[in-house]
Every structure is written in structure tokens, then in C-alpha cells.
Amino acid sequence: MSLARTFIDVRPLRASPVFRRLLIGRTVSVLGGFMTMVTVMYQVWEMTHSAVWSGAVGVAQVVPMVGVGLFAGAWVDRGDRRRIFLIATVGQAVCALLLAVQGFTGGMPVAGILALVAAGACFGAVGAPAAGVFVPRLLPKEQVAAGLALNQVTGQAMMLLGPALGGLFLGWFGIGVCYLLDALSFGLAFYGAFGLPALPPEGEPSRAGLHGVLDGLRFLAGHRVVRGALITDLAATVLAMPASLFPLVNAERFGGNPRTLGLFVSALAVGGVTATALSGSVTRLGRPGLVMLGASGTWGVALALFGLTTDPWAGLGLLAVAGAADALAVVSRTTIVQTRTPDALLGRVTAAEQIVGQGGPHLGNLRGGLVAGWSSGATALVTGGLLCVLAVAYVGAATPELRDGKVTPDEP
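Residues numbered from 1 in each chain as written. Predicted model: local features only at pLDDT ≥ 70, side-chain atom pairs only at ≥ 80, totals over all residues. Heavy atoms only, no water.

The name given to the protein in an unreviewed UniProt entry is MFS transporter, with the source organism recorded as Streptomyces shaanxiensis. The record in UniProt for the protein states the following under Subcellular location (unreviewed entry): "Cell inner membrane". (UniProt positions renumbered as here; feature names shortened; annotations may be inferred.)

Right under this line is the structure:
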């Protein structure tokens, strides 16, 4: 295989100008979102100096995603996904603009700020399943994985850049400007999607309300490949998510140096960006289930070994490996969901995937903290990594369709 085929597959950028505009708008919007995340955390801390209120920021983001997501997915599968995404984007922009107004004027209580964050998260929970149909509808099936990898690498790059820019802009311009930049970033996301054709569901539209949600859950329960992909992701995040353990492990093993602690998070992101940038051979392979199982197992092994190491450089290398494995697992999981799910159900299944992908890490961080409280950070890492490997091996053994399945252009 040539070196060029090892790098990320950029054929979707050449083949689809609409996808190219969508990617640019999404990238800028994600950058604004990470800047706002830092700004909200900073503002809430400055107003309260309370870890409880700071933790409530995460609750304000996650609860709407879970509470609204599945019903939003049913709505998305009943209407024009383009129009729904545009409405949701406008709603997010308005929430960011209101945050900017209070940032310039002051006087809003913390509860009001969290309410605006929660409202923005509600609109995001609607927009995400609508956007989930864009890539498989715009690109040929053999390029879907490449398009998702491009989404992944740009998103991770913004995860590295956004918090740093947010901190700089906070120091230079203040809270209001950071929120305002986020509001403006949604304008590019709106522009990227505005040129799309109408995208109604292909096939029978979703039933209204709870009936539509239950139809989506029945599909998930009955489709072994998609179900196996989501269970694998839950095993990796709930059993082995390491972020909540970093401060404790840093204190136990590396003297509590804050610079080392910051490098832990950066190592995960650097590994993820690098792996996605070199994902061309993986996405062209057409075996997302096998890649996901292998990457998820590698994630568990790397984190278990990180729990055993006492050398900081070896630890950072293992975290980079874990981040790389996680990035490949995410691309593969999303590829499975978007190529194996009928279009008429894709909004609901994408919503469920979003809940698993974002809710699982929160549960995993809670699990890690509880186990560490009873034992140690190293014990929590090692046991979590080993349990992850065992769970992934079980899913792979019990679901041969996931392990052996291929995604090809002519697959029904």
C-alpha cells in the first residue's frame, strides 16, 4: 500500500462541494463550542467558587441530551432533516447570543446561565440526529467512513485548539466576546447546511411520540451488528474511562505536578488526531466492526498498562496509544451505525449513539472515581482496562456478524 493511501482519505472533499461546506461550518462551530465550554466553566467558578456549581455545568449539558435525544430522533425521522438542523442551529445561536449579552451586561444569576446552557444543549440534541443523516446521504457508501474520519479529525483538532483559544480570548477580551464568537460560529454551520437539498426520510416515516422512540429501540435490540457496536462503546467508556483518575494517579505516581496532569489529557488528544490523520488504510479496509473491536481492546490494554507504569514518558506514550485507539473505534462505530441503519430510522439510532457516546464517559468517570475511592487510582485503571478487554472479547465472540462484516459499495 502506498504512503498516500495511509493518510486520511480526502476523496469526500473533492467529490462533494456540499460536504466540504458542511465540514467547514461544523469545524468552526465545534471550535466555538469548546471556547464556550471553557468560558462557562470560568464564569461559573468566578461567580461561585463552588465545585458543585462547576459540576452542574456538565449536568446542564448531559441531561437534555438524554431527555430530549430519543424523542428528537423520532421527530427527525418524520420530517426534512435539513430544515430541522437549520432550526436547531438557529436555536443554538440564539442561546449563545443571550449568553454573550449577559456576559457584557452582567447581573444574571448562575441558575440563569445554566438554563441557557441547557437550552442550547436541547437544540444540540435535536440538531445532532438530523446531521447524522448528512454523510450517508451525500457520499457514496465506500466514502462514508472517510467522511466520518474527516469529521473526527477536525473535531479533535478543535478540541485541542478550542480550550486554548478560549483561555487566551478570555484574558484578552473577556467573557462576552467569547460567547459572541460562538454565536457567530453557528452562522457558518447554518451556511454549510443551507445549500443542502431537502432530506426527508427514505422509507416509512417515524410514528409520532413514544411509539416512534420504541420503534427505534426495537431496531437497536434486534440488529446484532449495530447493537454490538454500541455495547462495545459502552464497555470501553463505562469500564475504562480514565479522565477522573488523572489527578489521583498524578499524585500517586508522578508527584502531583500540574504540568504532568495537563499532558495526560493532551496525550489522549494527540494520539487521536494522529491516528485519524493516518486512517486512510483503515477506512479503505471496509471492515469497521473488526477495527472497532481491535481498537477498543487496545484502548483497554493501554490504560491497564498506564495504571502500572511509573515512568511519566512511558505513561504519556501509553495514553497516546489509548487516544489513537479511541479515535479509530469512534470512526468505526459511527460507520457501522450510518451504513447498517435504514435511513428512515437513522435519526433515532444516531440519537441513541450520541447518548451512548457522550453519556458513557460520564458513567465511566463516576465508576473510576468510586473504585479509586475504595482502592487506588492505579487499581481502578488496571481493573477497568482488563474488564474492558474481557467485555470486548465477549462481544466479538458472541457477535460474528460484527467481527466478520464488511461495508462495500453494493451492500444492501
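### Concerning the overall build of the protein
For the protein, the helix and strand inventory stands at 18 helices and 0 strands. In terms of overall size, the protein behaves like a compact globule, its C-alpha atoms giving a radius of gyration of 21 Å where 412 residues would be expected to give roughly 22 Å. A buried classification covers 52% of the 412 residues belonging to the protein. A separation of at least 24 residues holds for 86% of the contacts in the protein among residues at least 6 apart in sequence. For the protein, the accessible area works out to roughly 17,400 Å², and carbon and sulfur atoms hold 71% of it. Across the protein, the centroid of the 26 positively charged side chains sits 3 Å from that of the 19 negatively charged ones. (Helix = DSSP H or I, 4+ residues; strand = E, 2+ residues; numbered from the N terminus. Rg over C-alpha atoms; globule rule 2.2 N^0.38 Å. Buried < 20%, exposed > 50% of the residue type's maximum accessible area, 1.4 Å probe, protein only. Contact = heavy atoms within 4.5 Å. Areas by Shrake-Rupley, 256 points an atom, 1.4 Å probe, with all protein chains shown as cover. Lys, Arg positive; Asp, Glu negative; His and termini not counted. Charge placed at Lys NZ, Arg CZ, Asp CG, Glu CD.)

### Some details on empty space enclosed by the protein
Within the structure shown, the criterion is met by 2 cavities of 30 Å³ or more. Empty space within the largest cavity amounts to approximately 80 Å³. Around the largest cavity sit Asp-233, Ala-236, Thr-237, Met-292, Ser-296, Trp-299, Ala-325, Asp-326, Ala-329, Val-330 and Arg-333, which together line it. The set of elements that each furnish at least two residues to the lining of the largest cavity consists of helix 10 (224–240), helix 14 (288–308) and helix 15 (312–340). Considering each element in turn, the lining of the largest cavity owes the most residues, 5 residues, to helix 15. (1 Å grid on protein atoms, 1.4 Å probe; cavity = no way out; pocket = protein on both sides within 12 Å on 5 of 7 lines; lining within 4 Å. Points joined across faces, edges and corners; volume = space filled by probe spheres on them.)

### Description of the nonpolar core
In this structure, Phe-264, Trp-299, Phe-306, Leu-319 and Leu-402 are the most contacted members of the largest nonpolar core, which totals 34 residues. Elements that contribute at least two residues to this core include exactly helix 10, helix 11 (246–253), helix 12 (258–277), helix 14, helix 15, helix 16 (346–374) and helix 17 (377–398). Other than its neighbours up to four places away in sequence, Leu-319 contacts Phe-246, Phe-264, Ala-267, Leu-268, Leu-303 and Phe-306. By size, the runner-up hydrophobic cluster in this structure holds 24 residues, among which are Ile-84, Leu-86, Leu-230 and Leu-346. (Core = buried A, V, L, I, M, F, W, Y, C linked by side-chain atoms within 4.5 Å.)

### As for a nonpolar patch on the surface
Taken together, the side chains of Phe-71, Leu-210, Leu-214 and Leu-217 make up a nonpolar region of the molecular surface, amounting to roughly 350 Å² of accessible area. The dominant element in the nonpolar patch, judged by the number of residues it contributes, is helix 9 (residues 209–222), at 3 residues. Classification of Leu-217 as partly exposed rests on a relative accessible area of 37%. (Patch = residues over 30% accessible without salt bridge, like charges linked within 9 Å, V, L, I, M, F, W, Y side chains within 5 Å. Salt bridge = Lys/Arg side-chain N within 4 Å of Asp/Glu carboxyl O.)

### Examining the side chain of Thr-334
Here Thr-334 is to be found in helix 15. Among the residues examined, Thr-334 registers a relative accessible area of 14% and is labelled buried. Not counting the four nearest positions on each side in its chain, Thr-334 is found in contact with Leu-148 and Glu-353.

### Concerning the packing of helix 9 against helix 10
Two measures define how a pair of helices packs: the angle their axes make with one another and the distance between the axes. Between helix 9 and helix 10, whose axes approach to 5 Å, the crossing angle comes to 90 degrees. By the angle between their directions, the pair helix 9 and helix 10 is classed as roughly perpendicular. From helix 9, Phe-219, Leu-220, Ala-221 and Gly-222 reach across to helix 10, where they touch Arg-224, Val-226, Arg-227 and Leu-230. Of the residues assigned to the contact of helix 9 with helix 10, the class counts are 5 nonpolar, 1 polar and 2 charged. (Axes fitted to C-alpha atoms, helices over the stretch in contact; angles between N-to-C directions. Parallel < 35°, antiparallel > 145°, perpendicular 65-115°, else oblique. Nonpolar A, V, L, I, M, F, W, Y, C, P; charged D, E, K, R; others polar.)

### A few points about helix 14
Between its first and last C-alpha, helix 14 extends 30 Å over 21 residues, near the 30 Å set by a 1.5 Å rise per residue. Burial of helix 14 is extensive: 15 of the 21 residues sit out of reach of the surface. (Expected span 1.5 Å × (residues − 1).)

### Considerations on the pattern of salt bridges
Per the stated rule, a full pass over the model turns up 10 salt bridges. A salt bridge links Asp-233 to Arg-333; the shortest N-O distance between them is 2.7 Å. Taken as a pair, Asp-233 in helix 10 and Arg-333 in helix 15 lie far apart in primary sequence, 100 residues in all. We note that Asp-233, like Arg-333, is buried. A single network of salt bridges, built from pairs that share partners, joins Asp-77, Arg-81, Arg-137, Glu-202, Asp-343 and Arg-348.

### So, the packing of aromatic side chains
Per the counting criterion, the structure on display carries 8 aromatic pairs. Each ring, one from Phe-246 and one from Phe-264, has its centre 5.3 Å from the other, and the planes form 55 degrees; the classification is tilted. With Phe-246 in helix 11 and Phe-264 in helix 12, the pair connects residues that are 18 residues apart, well separated along the chain. Each member of the pair, Phe-246 together with Phe-264, is buried. Every member of this aromatic cluster is reached through a ring pair, and the members are Phe-169, Trp-172 and Phe-173. (Phe/Tyr/Trp six-rings, centres within 6.5 Å; stacked < 30°, edge-to-face > 60°.)

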